[in-house]
Amino acid sequence: MSAPGIGQDFKPYIAADAEVPEFTLKAVLLGSLFGIIFGAATVYLALRAGLTVSASVPIAVLSIAVFKKLGNSTILENNIVQTIGSAGESVAAGVVFTVPALLFLSNGADYFKYSVIFLLAAIGGTLGVLFMIPLRRALIVKEHGNLKYPEGVACADVLIAGEKGGNLAKMVFAGVGISMLYKFLYGILGLWRETGTWFRTGKDGKIPDATLSCDVTPEYLGLGYIIGPKIASELASGGVLSWLALIPLISIFVPEQRLVDSLAQLGYSEGWKATHTHAQWIYYAYVRYIGAGAVACAGVMTLLKTLPTIVGAFRESVKTFGAGAGAAKKIRTEDDLGMGIVVGGSIVLALLIAILPGFPHGPFPGSLVMSLLVVVFGFFFVTVSSRIVGIIGTSSNPISGMTIATLMGTCVVFVLIGRTGDVYQSVALCVGALVCIAAANAGATSQDLKTGFLVGATPRRQQIGFIIGVLVSTLVIGGTLFLLDTTYREVGQAHGIGGARLAAPQATLMATIIKGLLAQNLPWAPVLVGVFLAFMAQMAGAHALSWAVGAYLPLSTTFPIFIGGMMKGLADRMRSKKDESELSSGMLYSTGLVAGGSLGGVLIAFVAFFGDRFLHMEKPTLLEKLDLGEAFYPALKNGIPGEVLCAVVFAGLCFLLVKNARKDLEA
């Protein structure tokens, strides 16, 4: 292991001078298949709940298992499989969080077509890959030891454990088994709730609307262990401020009628309010904007801090490109796609955005403004996304926050140049969609490049694999969107998306922001509050970006990550060690928790889809039919005893994590 931050001295698992089968036909085909499967599953899950699961680790686990059945494979072939396959999840997430917003904009439904969705996904995903190529050395190599890239490390651990076998593999798959069993018991059988609310006050109390909830999920627990106690604490501190301080403060001083009016302006219906708590009203009306402002400000500060490293990386890439054909042969593990492909490809894609027929861009040459905004915001948030996932992982990457910042910047530019008509709503949305897809794919790309860096993959082959994964998965993402839109269409509705069963919460928010900004009635005050809070966090010595992410995300998401970080601190203390290597028992077991939790989430989505689409079970749904908790002890499950049950089963999961973390590994 190299000293922190000195990535050039790192010795990967497969030596740089070793020639091992890597970019083989069977690896490309299997990776493409997984890209299609996980892409379709992500579309469904994101439309239903507004959430996604990271695909790299579960695909690596599946690749090892499949190739063991079909014959031998190398660690680098398995790495190519997860590289190609994970592109489907990340591109699908970017698409679903933004593109359905077209249905809620003036004349936007005219652009909700397969061809437009395909182009947005393909161009945005490819730009995410191209923009990451010159950043790889800056963020993956030179920042090795500083940026953890937890899921990238976890994926490398899975691949190495699968290669070595023995106790290493047993530790990973022990975590996978426990995690999947845990998800099955509550996600399919419904024995306990996914979220426990351990502290809540009413809206009329002395400290109103204070809420402490925790998603008792194994993937968040494992993720917290991987990133460690410091970052996990900073992450949760933002959530504590939002849910235990800001929301109660707003509840005290903001009149009820003003809150109701704000929600109405944002498009939230009476039905939505009836199914959400008063604290959640305040979160969606104000605190999410505070978090978005904090993320945007922290992103700017992050970019400024990273700028010298980025410039150096570009300079090195240009030198490599200028060396020409007569240059000495590159070291295999340092061989990236050339700057000519990066620059030329980016220019071609930017021009396509401006001239494609039937695409929402406005008349040429004014459409070049859209291309310029995509390139500027795209490169910026690709950099920010890569650093965020380097700190907290892909699962908690606040892509929607970055997209909100992009939409704000785009709409401000449009207002300044007089493009405020309804026709420009779809144009602004497509800028946000392309940037969102690029940033989402760049986050996944960064994790996969970290995995490749650790196992000794060839960057060029991985980068080609990313592009293949983007293009293959894009073929099914649009079709899945239309399939679900048709399947869930209710009587009297033109579209299923946006209805009760496919709420598409992220896309709804994007449409609201665009309409509010172009009409110049967006609430800027909470956004600016977030900006200054991010400055405060940076001045106090915290990582502003991780803190801002915590302020934006629900505390129910960040609190289990915090608990995982505390379990890491406890295990280190019990082992009399301050840190663990990447192949320690705790890291491997946590890797299994992340992998199993992700696979379990996809399994739950498939079960729901199967019941809805093939068994036509609408009321009750298949998951409701299988819910044993609701069938046999609903009062216990949904009452205070249910909160205790959530805490007890999660404590058991924590106990198993610490117990396995204390075990010694055997080769």
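Each remark here, short or long, concerns the structure printed above.
(A) Layout of the overall build of the protein chain. A tally of helices and strands in the protein chain yields 26 helices and two strands. Once local pairs closer than 6 in sequence are excluded, the contacts in the protein chain between residues at least 24 apart make up 82%. For the protein chain, the exposed area adds up to about 25,200 Å²; of that, 66% sits on carbon and sulfur atoms.

(B) Quick peek at the packing of aromatic side chains. Using the criterion set out here, one finds 13 aromatic pairs in the structure. Where Tyr-186 meets Trp-192, the ring centres are 6.1 Å apart and the plane angle is 40 degrees; that geometry is what we call tilted. In this structure, Lys-26 packs its charged tip against the face of Phe-67, placed 5.2 Å from the ring centre. Seen from the ring of Trp-281, Lys-273 lies directly overhead, with NZ or CZ sitting 5.6 Å from the centre.

(C) Geometry of the environment of Phe-535. Within the element layout of this structure, Phe-535 appears in helix α19 (residues 524-539). Taking the C-alpha atoms as reference, Phe-535 lies 7.7 Å from Cys-297; in sequence the two are 238 residues apart. With near-sequence residues (within four places) excluded, Phe-535 lies in contact with Cys-297 and Met-301.

(D) Molecular detail of the environment of Leu-603. As for its position among the elements, Leu-603 is in helix α22 (residues 585-613). For Leu-603, a relative accessible area of 39% gives the class partly exposed. In this structure, the C-alpha to C-alpha distance between Leu-603 and Ile-188, residues 415 residues apart in sequence, is 9.0 Å.

(E) Examining the environment of Leu-628 more closely. Tracing the backbone shows Leu-628 in helix α24 (residues 628-632). Using a relative accessible area of 33% as the deciding quantity, one classes Leu-628 as partly exposed. When the C-alpha positions of Leu-628 and Gly-190 are compared, they lie 5.7 Å apart, and in sequence the two are 438 residues distant. Discounting residues that sit within four places of it in the chain, Leu-628 has contacts with Leu-189, Leu-191 and Tyr-633.

(F) Focus on helix α13 (residues 339-355). The end-to-end C-alpha distance of α13, which contains 17 residues, comes to 24 Å, matching closely the 24 Å that a straight helix rising 1.5 Å per residue would cover. Turning to α13, its buried residues number three or more, namely Met-339, Val-342, Ser-346, Leu-349, Ala-350, Ile-353 and Ala-354. Down the axis of α13, the smallest arc covering the buried residues is 140 degrees, so these residues share one side.

(G) Examining the nonpolar core more closely. Ranked by size, the top nonpolar core spans 190 residues in total, and within it Val-95, Leu-221, Phe-381 and Phe-650 carry the most contacts. With 19 residues, the single largest contributor to this core is helix α16 (residues 423-455). In terms of nonpolar packing, the next biggest core, distinct from the first, is built from 14 residues, Val-28, Ile-59, Ile-80 and Leu-599 among them.

(H) Quick peek at the packing of α22 against helix α26 (residues 640-661). Orientation of α22 relative to α26, taken along the N-to-C sense of each, is 145 degrees, at an axis distance of 7 Å. Across the interface between the two elements, Ser-585, Gly-586, Tyr-589, Ser-590 and Leu-593 from α22 touch Leu-656, Leu-657, Asn-660 and Ala-661 from α26. Taken together, the residues that form the contact of α22 with α26 break down as five nonpolar, four polar and no charged.

(I) Representation of the pattern of salt bridges. All told, the structure shown has 13 salt bridges when counted by the stated rule. With a shortest N-O distance of 4.0 Å, Glu-77 and Lys-26 are connected by a salt bridge. With Glu-77 in helix α3 (residues 75-98) and Lys-26 in helix α1 (residues 25-49), this residue pair connects regions lying 51 residues apart in the sequence. A relative accessible area of 4% means that Glu-77 is categorised as buried. A residue is classified by how much of its surface remains accessible, and Lys-26, at 37% relative accessible area, is partly exposed. Ionic pairing is found between Glu-234 and Lys-230, a salt bridge with its closest N-O pair at 2.9 Å. Pair noted here: Glu-234 and Lys-230 are both in helix α9 (residues 229-253), with a separation of four residues, about one helical turn. Accessibility expressed as a relative area gives 11% for Glu-234, which makes it buried. Salt bridges sharing partners connect three or more residues here, namely Glu-22, Arg-332 and Arg-461.

Conventions and cut-offs
- Residues numbered from 1 in each chain as written.
- Predicted model: local features only at pLDDT ≥ 70, side-chain atom pairs only at ≥ 80, totals over all residues.
- Heavy atoms only, no water.
- Helix = DSSP H or I, 4+ residues; strand = E, 2+ residues; numbered from the N terminus.
- Contact = heavy atoms within 4.5 Å.
- Areas by Shrake-Rupley, 256 points an atom, 1.4 Å probe, with all protein chains shown as cover.
- Phe/Tyr/Trp six-rings, centres within 6.5 Å; stacked < 30°, edge-to-face > 60°.
- Lys NZ or Arg CZ within 6 Å of the ring centre and 35° of its normal.
- Buried < 20%, exposed > 50% of the residue type's maximum accessible area, 1.4 Å probe, protein only.
- Expected span 1.5 Å × (residues − 1).
- Arc of directions from axis to C-beta.
- Core = buried A, V, L, I, M, F, W, Y, C linked by side-chain atoms within 4.5 Å.
- Axes fitted to C-alpha atoms, helices over the stretch in contact; angles between N-to-C directions.
- Nonpolar A, V, L, I, M, F, W, Y, C, P; charged D, E, K, R; others polar.
- Salt bridge = Lys/Arg side-chain N within 4 Å of Asp/Glu carboxyl O.

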